[in-house]
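Architecture at a glance
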Amino acid sequence: MDVRSRNRVTVTGRSGGPVVVLAHGFGCDQHLWRLVVPLLERDFTVVLFDHVGAGRSDLSAWSPERYSTLDGYTEDVLEICRELDLGPVTFVGHSVSAMMGVLAAAREPKAFTGLVLLAPSPCFVDDPANGYRGGFSAEDIDELLGSLDANYLGWSGAMAPVIMGNPERPELGEELTNSFCRTDPDIARSFARVTFLSDNREDLADVTVPTLVAQCSRDAIAPPEVGEFVRSRIRGSRLVTLNATGHCPQLAAPEETAAAITDFVGATRR
Amino acid sequence: MNISGETGSGDHRAPGKQAGTEHAAFSALLEDSAEDLYEHAPCGYLSTLMDGTIAKINTTLLDWLGHERGDLVGRRTFSDLLTVGGRLYHETHFAPLLRIQGEVSGIALELRTTDGGRLPVLVTSTVKTGDDGRPLLIRTTVFDARDRRAYETELLRARRQAEREREELMRLNATLQQTLLPPTLVNVPGLDVAAYYHVASTDMVGGDFYDLFPLSAGTWGLFLGDVCGKGAAAAAVTSLARYTLRAAAVYDPDPAAVLSNLNTVLNHEYNGHDPRFCTVVFGLLTPEGEHGGFRITLASGGHPPALLLHADGSVDQVDTPGGQLIGVLPDAHIATATVHLAAGDTLLLYTDGLTEARQARTGDGDRYGDEALLHFARALAPTTASDAVAAIRDLLDTFGTGIDDDTAVLAINVPRPTNEEQQ
């Protein structure tokens, strides 16, 4: 299995610079980082990739077994690090990918100089018995699956080969409206389940590498107390609240997001 | 209605009264203020700041939702109007796309109304940028999609059902296919045997078949064939052919007689407007005394020639010229040939799914062909039954989607004596 084409790995930026791996969350693909990448390229080797099933990853590599939990995705992250062989990296995980970073760093701490958890949530579903508020009920998640289905007809199986089948002419994919967030409905459902029904609260304590928790102001998906929860469970981690609103600071406030990453990498290298 | 009035053609010079009415209607339209057009447009309209805060919203949308303007403007965000599931979708798909592309169109979402109801809508947004290219605000139109959603839900239900039924069909086909093939090949002392069945399409059960079975007095029968057509009707013929061949071989094991009896049965069963026919090769295996090896008498009705891959690496086509399709004519001509299978020799039977396959590699849709297969066999010989079948399997894999038809392969081989036995 060729990891680079499976995950559509892109390496850019300053060769030999500190390595920053940017991992996108549920919904879109590595294009989500497009406004941040130019700000990081000068100082860092920047690694981008698509999760299997998203963007222009190799759809044939997706299987319901491997990707029915975060473990399969986590294994992919570690495989990408091994394949590129660039030494320890700073892993920046957005949304659900933040938890992949947590699991990966717990499993192989030596592979990471640090973690940036961008708008993370270890558990989206409320757990009133333990006084935890993730922001959503199980019914809310079912409703999201309904929303995915409502836009299901917009996805055509015939479209996938057009997007996936022109690796030598990526611009063909670019022209397709909404293609960044166009996912095979079965894969989208599965990834939505993994994203919104995983509970990684217990895993946070296993992180031993330096960690920055960066949450947004007014995030409809990850409320402020969730960011505080993550900080309190990862020893020595730091929490910053960005001015950016919404759930995607890398799009809403690329400068601020890039600055937070740059400062963190600088601090961990001292 | 022609409302331009200034194009000067004669057609619109209608009698005075009607022209006057038109003019009045046209004037009323012009007097329709931009404000009124916005407020009472037949679709919902709103503008938000980049963080989603509602800055402006039209009366149509307020009426749909049951909100007062003052409750929303400056106080709530667009995503506050959505159902929770819709909000998750908005944050993970819609908002990022809008940032990346500057516009998103036709996304299905649901809005919550103040009376607790839900309004299915189709949402289109564009980002207005300032002179410096900085995004300033988001303009959004909202279309009532109740009818369309009901229609789509029905489509989705139908599509889901079709998918379930297709899976069921595939399972049925796979089960049916299995019943047409022997679960395992019988063990023949002194013979190494292997077979493979390649399914070209999981949507249709194919018509290839093979078997190997004991007959009286230490002899063995084998056959391999291909029923014309696919699907349930072909499967019925396959089933009939299989059982007829086995019964006929017990009745009279002479290979030509076996095929002749099958021909008679197919002619009787499928006479008239629905003729069904097949190609078959039937073989009778007789062990040859103390030297090991087998004598094989093959009878063929219109089937591609078997290949004999000798221990010395040479390859012969076992020609059975003039054998006619089984089931077409009341008295089909059946050709026979007898070969000897010595130690290290392999006999390979196959159906034409293999030779008729289009080659993906050449890209021009050329059929693989008899000549190429002969060449392939020469490179393979000498071989064993399992190696030959494995090689054909790999060859079929290289054709990918170029295989239209199912392919059955059956190989028998007399193993070479081991070193110990030779000494």
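Looking up chain A in an unreviewed UniProt entry gives the name Alpha/beta fold hydrolase, with the organism given as Streptomyces hokutonensis. Here is the UniProt Sequence similarities (unreviewed entry) comment for chain A, exactly as written: "Belongs to the AB hydrolase superfamily."

What chain B contains, in helices and strands, is eleven helices and 15 strands. Considering only contacts within chain B whose residues lie at least 6 apart along the sequence, 60% involve residues at least 24 apart.

All names here are of chain B. The five strands lie next to each other as β2-β1-β5-β4-β3, forming an open sheet whose pairing is antiparallel. Among the strands making up the open sheet, the edge pair consists of β2 (54-57) and β3 (103-112). The average angle at which neighbouring strand axes cross in this sheet is 25°, direction not considered. In terms of strand pairing, strand β4 (residues 118-129) meets strand β5 (residues 135-144) through nine bridges, oriented antiparallel. Residue pairing for β5: V121 is matched across the bridge by D144. Running over the sheet, helix α5 (residues 84-101) touches β3, β4 and β5 and is turned about 160° from β3.

Attention shifts here to the pairing of strand β11 (residues 306-309) of chain B. Residue and element names in this part refer to chain B. Going residue by residue along β11, you find A306 and L308 tucked away on one face and L307 and L309 tucked away on the opposite face as well. Two elements, β11 and strand β12 (residues 315-318), share four bridges in a ladder whose sense is antiparallel. Residue L308 lies in a different strand from β12, and its bridge partner there is D316. In textbook terms, the turn of a hairpin is the stretch between consecutive antiparallel strands, and for β11 and β12 this stretch comprises five residues, one of which, G313, has a positive phi near 95°.

Further remarks concern the environment of T245(A). One can find T245(A) in strand β7 (residues 238-245). By the C-beta count within 10 Å, which is 20 here, T245(A) ends up buried. In this structure the C-alpha to C-alpha distance between T245(A) and R218(A), which are 27 residues apart in sequence, comes to 5.3 Å. Beyond its immediate chain neighbours, meaning those up to four positions away, T245(A) contacts C216(A), S217(A), R218(A), A252(A) and D51(B).

Thresholds, definitions, all that
- Residues numbered from 1 in each chain as written.
- Chains lettered and ligands numbered in written order.
- Predicted model: local features only at pLDDT ≥ 70, side-chain atom pairs only at ≥ 80, totals over all residues.
- UniProt positions renumbered as here; feature names shortened; annotations may be inferred.
- Helix = DSSP H or I, 4+ residues; strand = E, 2+ residues; numbered from the N terminus.
- Contact = placed C-beta atoms within 7 Å.
- Pairing = 2+ DSSP bridges.
- Axes fitted to C-alpha atoms, helices over the stretch in contact; angles between N-to-C directions.
- Buried ≥ 20, exposed ≤ 12 C-beta atoms within 10 Å, placed from the backbone.

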